[in-house]
Amino acid sequence: PGIYVCAKCGHELFSSCAKYEHSSPWPAFTETVHEDSVSKREERPGALKVSCGKCGNGLGHEFLNDGPKRGQSRF
């Protein structure tokens, strides 16, 4: 339980409350802690490249409409 932070700068990214089990080997989250926790840019349809909102460290992707509930995204 707790807050997941950027390994490079310590900026708050995700809460364990938003974490869920997914078939991916990576941790999966439905939302960020703060609106400015991450920055996003479209990489391809349905997938956004996600970086730390403070330092720009690469964090992976946001997959649109691939969350645990209809219409939710998966980080």
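Quick look at the structure, then. (Residues numbered from 1 in each chain as written. Predicted model: local features only at pLDDT ≥ 70, side-chain atom pairs only at ≥ 80, totals over all residues. Heavy atoms only, no water.)

Relative to strand β2 (residues 12-15), strand β1 (residues 3-5) runs antiparallel, the two being bridged by three bridges. Directly across from V5, in β2, lies its bridge partner E12. In this antiparallel pair of consecutive strands, β1 and β2, the connection spans six residues, and G10 shows a positive phi of 85°. (Pairing = 2+ DSSP bridges. Helix = DSSP H or I, 4+ residues; strand = E, 2+ residues; numbered from the N terminus.)

With respect to the helices and strands, F75 occurs in the segment after β7 (58-63). You can call F75 buried: its relative accessible area is 12%. Separated by 44 residues in the primary sequence, F75 and E31 place their C-alpha atoms 7.2 Å from one another. (Buried < 20%, exposed > 50% of the residue type's maximum accessible area, 1.4 Å probe, protein only.)

Okay, the sheet that holds strand β5 (residues 38-44) next. The sheet built from three strands is open, its strands ordered β5-β6-β7 with antiparallel pairing. Looking at which strands have only one partner, the edges of the open sheet turn out to be β5 and β7. Between one strand axis and the next, the sheet turns through 30° on average, direction left out of account. (Axes fitted to C-alpha atoms, helices over the stretch in contact; angles between N-to-C directions.)

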